[in-house]
Amino acid sequence: MEATTSDNKRIKSLCIALMRADTEADVITILDEGGYWNHPAAWRYYGDNENNFSTIGNQQSRPDAAAVEKLINSVDHRLLNECLVRGTDPEGPSAPQSIIEAVATFFEDAKSQSSSLGGRIRNWSDSKRTEVARGITFVATGATAQSGDPSFTIADCGEGQTPEKMPETLLSLARSNKLRIPFVQGKFNMGGTGVLKFCGTHNLQLIVSRRNPEILNGILEHESDPQWSFTIVRREDPEGNRRSSVYTYLAPVDCDKKPRVGGVLRFSAATMPIFPNGRNPYGRESKHGTLIKLYEYRATGLKTNILRKDGMLSRIDLLLPDVALPIRFHECRPGYKGHAGSFETTLTGLGVRLDDDKAENLEIEFPTSCPMSISGQQMTATIYAFKKAKADTYRKTEGIIFAVNGQTHGYLTIDFFRRKAVGLSYLADSILVIVDCTNLSGRAREDLFMNSRDRLSFAPLRYEIEDALEDLLKHHDGLRELRERRRSEEIESSLKDSKPLADILETIFKHSPTLSELFLIGKRVQNPFKSLKAKADEKPFKGKRFPTYFKFRGKDYGENLERDCHINMRCRITFETDAANDYFSRKVEPGLFSLFALVGDTRLTVDDYALNLQNGSATLNLRLPAATEVGASLSLVAELNDPSRLEAFENSFTIHVKEVAQTTSGTTRSKSKTPTNKTGEDREIPAGIQLPNRIRVAEPEWDKHEPPFDQSTALRIKHAGTANGDADSNGGKDIYDFFVNIDNVHLKRYLKYELKSGQHEHVVQTRFEVGLMLIGLALIHRAAQQRNGRSTDNAEEGEIADVERQADEVTKALAPFLLPMIHALGALETEEVSVAHASGEAT
């Protein structure tokens, strides 16, 4: 017994030493001293697959998304533990049939379970959230941002695994261990390996686990079942005939008899300190559960204090917008200072945070909800509009995130809002859209998301969804009003100052047929903000939780509506209602919108539509079915229902399909003419824009812009919609606002040191501004060529020119040369040019 006790103590000490190690060098030293590091037979192939690198190496592309998979697994472990402790078969009919039902059943009292509010942590008190969060923790130890990469430890008091089951569960690949369990999210047992490539040089990861004794209940399949077990995962470089790396894990038990197929180390202990206690990362004991430690995790850009807005907490908050269980985050690195309460907090997910902080961070009347059906797939988009400078607290470059069961599976960047088809450049830094894709079919989920669950695939469904979102956002009344209000705040006082410069531009274009033909510049738009002042006197809309009416605008309920629609356009139907803006997207008792086509007495579900609800107005954007013919009449029924109603609201309408729509220029919307017979990027595409508004930005106003101006900034441009309000379908010209930095360092330097005799400062400044604006117009024209010269259906994200970013970067580069170039070219004489040609100095 003494030898066994001695071995048990040694192995337990080895486990604790590995838990407390924070560098790969320390781990390797510990394993080398124990005789394990250079003992090949003691290292078993991960998943018992020597070619596992192709699977493990093809997981998440970002360290934050990879870490999220570990937390999702911890949530699953906790739910499974509660189910198994109760003696319920997780795959049986008595088990919860959803994540929400599982949370309500296992973590709430009987009263809460029977309530429609049950199973949602957004309805829990702060103390309840903190209490439950102590069962899943995320801890930072090791290096600070200045000294290296931190180590992260994730621990949970879940069901845990026995030593003999470790190879089949925590150390397996592509086994469907949880595939038939309805209340868990991690189904395919692969995503958890995505963290490995971000762990230091050797990709080291520690796993410690023990099965809950209450689940075992004294029934053992192997004598080691009650023990703790642990292992280290590492990456071995290619050698011999093996062309790729391989991931292995420490399994030295009986490895002399079964090389590369041994068992993991194990030991007996009533408890282990796998949880943090304050700033002590391993100060709280647990009788069971799992600990995962990621050594020297390369969390690029996320190495700072994990609780700060640029740390891991905020990133995971975004990637788990509706997490099923709260998680406690602890910053345990000694390099960071602060008061006792500043080193731990509870993660509840972005959705809960936004609900908690709505009044302080969101614009009035947001969020709004928009049910969508794309190719028959049901989704709900929730639109959040932040107050100025508030959005960065919640997201970085993400503009639209797609979530399944509360986990982000992919996103589109904020550049989506700057697309011409959306026209929300003024709000790009203030919008976040969450698209709930939980109800997608399994096939659609596979088509839309990569297997790594951290990015979108380039499948047809993606582009159909993007097209629907473009239309939805562009015609969202609340966003359009907010855009005009923001634009008014930025430029209204400057509009009167821009007329003289506009007159100069008009003169330039009038005397240049080439420029006039290329740009088709129209007149300046009149001040668009006068009508908005009347809106300031309107009372804020206060919607009802359950609407008392839902009918066509301007008609009595039950009255039929008839509408003409051109075959190449969407049909828009507007309803009046008193439903609250979040009616369709709220988590508790949401409304359900359905659209049916009537074929005789049969109702057929309509597949492609989006409903935009805002302040009592619900606009239906409907794409006509592909087989529709001109002259046809479509009979449809819009149905609205919720748990409060015995009978749904029903509104019947008829669409008469008309011929292809013509634009104001006489061309069809779907096939616009080009001025030449050239193809691709060689053809000339008229930019079709209004004369831009010029807004001067002086140094005291630099910080009012996002991002702030600096001394090198020359020109910023923002797309502000179209002159006719609805856009290109009416032939309206694009509106751009040009922001010119009148305190640009190169302009000021020229005025101070290089002003020539006879030059006037205001003339030089005007040349600088006009020159920048011409460059901006040229970039807009080039973007139009690129956009029309290729099929956007096959364009990858970011391929279409980002003209706003280009204008910023290009004019920064040209600003030092612009005025000297204008002066030098203007001073050239005919004789000088002739001499240069003759001498071969120019061609």
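Residues numbered from 1 in each chain as written. Predicted model: local features only at pLDDT ≥ 70, side-chain atom pairs only at ≥ 80, totals over all residues. Heavy atoms only, no water.

(A) Region of the structure containing helix H17 (residues 745–754). Burial in H17 covers these residues: Val 745, Leu 747, Tyr 750 and Leu 751. Capping the start of H17 is the job of one residue whose side-chain oxygen sits 2.8 Å from the backbone nitrogen of His 746: Asn 744. (Buried < 20%, exposed > 50% of the residue type's maximum accessible area, 1.4 Å probe, protein only. Helix = DSSP H or I, 4+ residues; strand = E, 2+ residues; numbered from the N terminus. Polar contact = N/O pair within 3.5 Å; in protein donor to acceptor, adjacent residues only side chain to side chain.)

(B) How the structure looks around the packing of aromatic side chains. The full count for this structure, using the stated rule, is 19 aromatic pairs. With a centroid separation of 6.2 Å and 75° between ring planes, the pair formed by Phe 106 and Phe 183 is classed as edge-to-face. Here the residue Phe 106 occupies a position in helix H5 (residues 99–107), and Phe 183 occupies one in the loop between strand E3 (150–156) and strand E4 (205–210), the gap between them amounting to 77 residues. Comparing Phe 106 with Phe 183 shows no difference in burial state: the two are buried. Through successive ring pairs, a cluster of aromatic residues spans Phe 550, Phe 552, Phe 575, Phe 593, Tyr 609 and Phe 653. The ring of Trp 124 is capped by Lys 128, whose NZ or CZ atom sits 5.1 Å from the centre of that ring. (Phe/Tyr/Trp six-rings, centres within 6.5 Å; stacked < 30°, edge-to-face > 60°. Lys NZ or Arg CZ within 6 Å of the ring centre and 35° of its normal.)

(C) Molecular detail of the sheet that holds strand E17 (residues 431–436). The sheet built from nine strands is open, its strands ordered E16-E15-E17-E14-E13-E23-E24-E20-E18 with mixed pairing. Since the sheet does not close on itself, it has two edges, and those belong to strand E16 (407–413) and strand E18 (550–552), each with one partner. Put simply, the sheet's adjacent strands are angled 25° from each other on average, direction ignored. Judged from the six bridges that link them, strand E20 (residues 571–577) and strand E24 (residues 617–622) form a sheet pairing that is antiparallel. (Pairing = 2+ DSSP bridges. Axes fitted to C-alpha atoms, helices over the stretch in contact; angles between N-to-C directions.)

(D) Region of interest: the pairing of strand E6 (residues 246–250). Where burial is concerned, most of E6 is hidden: five out of the five residues are buried. Alternating positions in E6 separate into two faces, Val 246, Thr 248 and Leu 250 on one and Tyr 247 and Tyr 249 on the other, with burial throughout. As paired strands, strand E1 (residues 43–45) and E6 are joined by three bridges and run antiparallel to one another. Looking at the pairing, Trp 43 lines up with Leu 250 of E6. Relative to E6, strand E5 (residues 228–236) is paired through four bridges, and the arrangement is antiparallel. Bridged to Arg 234 within E6 is Thr 248.

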